[in-house]
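# Chain and residue survey
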Amino acid sequence: MVCRYDRTPNCYPPTTEPEGHGTYTNVAVAFTEAALVGFLVGTALALAIPGVGGVLIGVFSVGFMAVFAVYSLISGEGRVKCNAMEGTPSCVAGVITRIERSFSETGDGIFPFLAWHNLVHVLVTSYYWERLEEGGCRVLCTQEGAERNSALVQCFFYDPRVCSAYNGGVVGLAVGAIVGVIAGIAVAAAIGCATLILCLLALLAAIIVAIICAILGAIAGGHAGKAAGEDEPDVFEEAGANTVGELVTFWGNLARVGDQKIFWFVDEAATHGMAATTQNNPYCYCEIDDELPVGADGGCSEIY
């Protein structure tokens with residue numbers, strides 16, 4: 001075991017990490033904010049235009065706001081997760097410390113259109129620190145003390161089901177929104193607007209119906225899209241590097257996101273067996289440098 005005393009990785013502070021996508025929280029907030037704003041706007045329209053007509057206009061406004069807010073959010077995420085990022089062909093070597101499979105979150109089973117690609121966290125050998133920090137970038141670290149602090153890189157493997165589910169969810173959201181607005185108008189008309197209380201009740205019921213229909217449409221479309229992508233090749237499974245503690249070399253597109261570099265996406269992988277060290281909670285480059293030295297990493301150290 002040989003640790004480096006000449007330098008440490010350029011780490012994010014222990015209390016911070018690079019900004020993540022936070023999909024579920026963002027969607028929940030977007031729906032809630034849109035519904036509240038829509039309810040206020042709808043109420044104002046219902047009061048300004050007496051009778052059922054005002055309520056119907058309010059319902060349409062609410063449905064449009066809610067759906068547009070969520071569509072804007074998930075389409076923004078879709079533009080990220082379903083498109084290439086500018087980067088450079090590169091590679092790294094190290095040990096797998098964590099694996100996040102696509103569709104593995106609890107919510108992904110219900111909302112498949114919000115799932116993300118397979119993500120593998122690799123603790124790299126110290127040879128690759130400069131490659132990941134070039135251009136003033138910082139790295140995620142294990143936050144071990146002093147010279148044992150080690151750098152990590154996030155490596156994404158493209159999963160065709162993710163984008164297929166996303167596309168299906170967007171189409172389903174649009175169809176559900178149309179059905180929801182029509183159903184909401186029908187509900188509001190059935191309740192009527194004989195009094196102010198009934199007007200508000202009709203508007204609230206219509207909001208609930210419109211949002212539920214939009215969500216159900218997105219869910220149905222997402223599941224249909226995911227199923228349609230099942231027949232596409234799974235790069236992660238084909239790579240075979242899918243076990244925590246496995247020594248690996250990954251080749252792919254090294255892209256910069258803010259002040260962090262990630263692999264978006266990994267194109268090829270090589271495995272070098274399981275790490276022999278028992279110092280695995282967490283792993284440390286001190287041992288991994290010995291187990292995967294320069295020249296024994298599939299030729300990666302020869303590529304810059």
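Given the structure is predicted, the values throughout are model-derived calculations rather than measurements.

As for its placement among the helices and strands, Ser150 is situated in the loop between β3 (140–141) and β4 (151–157). Residue classification places Ser150 among the buried positions, given a relative accessible area of 0%. Here Arg148 takes part through its backbone oxygen, which lies 3.1 Å from a polar atom of the side chain of Ser150. A polar contact of 3.0 Å, which involves the side chain of Ser150, links it to the backbone nitrogen of Tyr285. The contacts of Ser150, once residues within four sequence positions are left out, are Pro9, Leu123, Leu140, Cys141, Thr142, Tyr283, Cys284 and Tyr285.

Nonpolar side chains in soluble globular proteins tend to end up buried together. The biggest cluster of nonpolar side chains holds 40 residues, and the ones touching the most others in it are Val122, Val124, Val153 and Phe250. For this core, the elements supplying multiple residues, two or more each, are β1 (87–100), β2 (118–124), α3 (129–133), β3, β4, β5 (246–257), β6 (260–274) and α7 (285–291). Residue contacts for Val153: discarding those within four places in its chain leaves Val92, Val120, His121, Val122, Val124, Leu132, Lys261, Ile262 and Phe263. Of all hydrophobic cores here, the second largest spans 7 residues; its members include Trp116, Phe156, Ala255 and Ile262.

What follows concerns the side chain of Arg161. With respect to the helices, strands and loops of the structure, Arg161 is situated in helix α4 (residues 160–191). With sequence-adjacent residues up to four places away left out, Arg161 is seen in contact with Ser102, Phe103, Lys226, Gly229 and Glu230.

The rules behind the values
- Residues numbered from 1 in each chain as written.
- Predicted model: local features only at pLDDT ≥ 70, side-chain atom pairs only at ≥ 80, totals over all residues.
- Heavy atoms only, no water.
- Helix = DSSP H or I, 4+ residues; strand = E, 2+ residues; numbered from the N terminus.
- Buried < 20%, exposed > 50% of the residue type's maximum accessible area, 1.4 Å probe, protein only.
- Polar contact = N/O pair within 3.5 Å; in protein donor to acceptor, adjacent residues only side chain to side chain.
- Contact = heavy atoms within 4.5 Å.
- Core = buried A, V, L, I, M, F, W, Y, C linked by side-chain atoms within 4.5 Å.

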